[in-house]
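Residue-level listing of the chains:
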Amino acid sequence: MRAFFKKYKHAWILLYFPIYLAWFAFLEKTVTRRFHVVHMAVDDVIPFVEFFIIPYLLWFAYVAVGIVYFFLHDVSEYYKLCAFLFVGMTVFLFISTVYPNGHYLRPSVFPRDNLCSTLVRWLYAADTPTNLFPSIHVYNSIGIHLAVSRSQELRKHRGIQIGSGILMLSIILATMFLKQHSVFDVMTALGMAVIMYTVVYGRALQQRKVPGQVVTIHGLTGREL
């Protein structure tokens, strides 16, 4: 047991999840009727498509598998991924606390009656249309894909790279087509992702420019002039 905990001592950072879940549950119970309405005109143009429930629910596995992979195989990238995810999730909680928000985008009647519609009904019953921006579904999906794209090992598997990118885009679209989020929530998530990418990975992006030095960037080797 001692050897196990010594090997996986970096698991301590995952203690953030109980804190996040408790805070989020508190917000879900308290932000119900009085909130600032989040809405953009483009939201009314986007149709409701229940089939997007599939990538939306796959988000849970996508994030979990991503964290577990880097936890087991790349501790350095694991810490960066957790920093990216957890800082953004905390910002989201603070925003929802000081600026309660929600929307009225959900359809009252579904256009089709099928399994996907049933799953959406279950989702609506479990998740209130409040505490919306920045969208954590969008933000965390971007974070996982960035980690996958940066991984030296996973970069060798083109199928994983492409699959991750497709799933990320599908989840982002799902938040809008399921009427879970406004376009505004997606835009703010994208903006926060850009900022956090610079903060978390900025040092790795900067290379010392020494004349004649051989450098390696994303697996490509070249000689600076």
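So, a few notes on the structure that sits alongside this text.

Rules behind the numbers
- Residues numbered from 1 in each chain as written.
- Predicted model: local features only at pLDDT ≥ 70, side-chain atom pairs only at ≥ 80, totals over all residues.
- Heavy atoms only, no water.
- Helix = DSSP H or I, 4+ residues; strand = E, 2+ residues; numbered from the N terminus.
- Buried < 20%, exposed > 50% of the residue type's maximum accessible area, 1.4 Å probe, protein only.
- Contact = heavy atoms within 4.5 Å.
- Areas by Shrake-Rupley, 256 points an atom, 1.4 Å probe, with all protein chains shown as cover.
- Phe/Tyr/Trp six-rings, centres within 6.5 Å; stacked < 30°, edge-to-face > 60°.
- Axes fitted to C-alpha atoms, helices over the stretch in contact; angles between N-to-C directions.
- Parallel < 35°, antiparallel > 145°, perpendicular 65-115°, else oblique.
- Left-handed = near helix turned anticlockwise from the far one by under 90°.
- Salt bridge = Lys/Arg side-chain N within 4 Å of Asp/Glu carboxyl O.

Summing up its helical and strand segments, the chain has eight helices and four strands in all. Reading the chain from its N end, one meets helices and strands in the order α-α-β-α-α-β-α-α-α-α-β-β. Every one of the 225 residues in the chain was classed for burial, and the buried ones make up 43%. Contacts in the chain between residues at least 24 apart in sequence constitute 83% of all its contacts with a sequence separation of at least 6. Just so you have it, the chain exposes about 13,000 Å², and 69% of that area is on carbon and sulfur atoms.

Before going further, it helps to spend a moment on the packing of aromatic side chains. Under the definition given, this model contains 19 aromatic pairs. Both rings, one in Y16 and one in F86, keep their centres 4.7 Å apart while their planes meet at 20°; by these two values the pair is stacked. With a gap of 70 residues between them, Y16 in helix 2 (residues 16-30) and F86 in helix 4 (residues 75-98) connect regions that are remote in the sequence. Take Y16 and F86: they sit in the same class, and that class is buried. Look at Y197 and Y201: their rings are 5.1 Å apart centre to centre, the planes differ by 45°, and that puts the pair in the tilted class. Residue Y197 and its partner Y201 are located together in helix 8 (residues 183-205), separated by four residues, close to a single helical turn. According to the relative accessible area criterion, Y201 is buried, its value standing at 1%.

Now for the packing of helix 3 (residues 53-73) against helix 7 (residues 158-177). Contact geometry of helix 3 with helix 7 gives a least axis separation of 8 Å together with a crossing angle of 125°. Taken as axis vectors, helix 3 and helix 7 run oblique relative to one another. The handedness of the crossing between helix 3 and helix 7 comes out as left-handed. Mapping the contact onto sequence places P55, Y56, L58, W59 and Y62 in helix 3 and S164, L167, M168, S170, I171, A174 and T175 in helix 7.

Across all of its chains, the model carries five salt bridges by this definition. R112 is the partner of E50 in a salt bridge, and the nearest nitrogen-oxygen pair spans 2.7 Å. You can see E50 sitting in the loop between strand 1 (36-37) and helix 3 and its partner R112 sitting in the loop between strand 2 (101-102) and helix 5 (115-126), a full 62 residues away along the chain. A relative accessible area of 35% places R112 in the partly exposed class. Across the pair E77 and K80 runs a salt bridge whose closest N-O atoms are separated by 3.7 Å. In this pair, E77 and K80 are both assigned in helix 4, three residues apart and thus about one turn of the helix distant. Salt bridges sharing partners connect three or more residues here, namely E77, K80 and R150.

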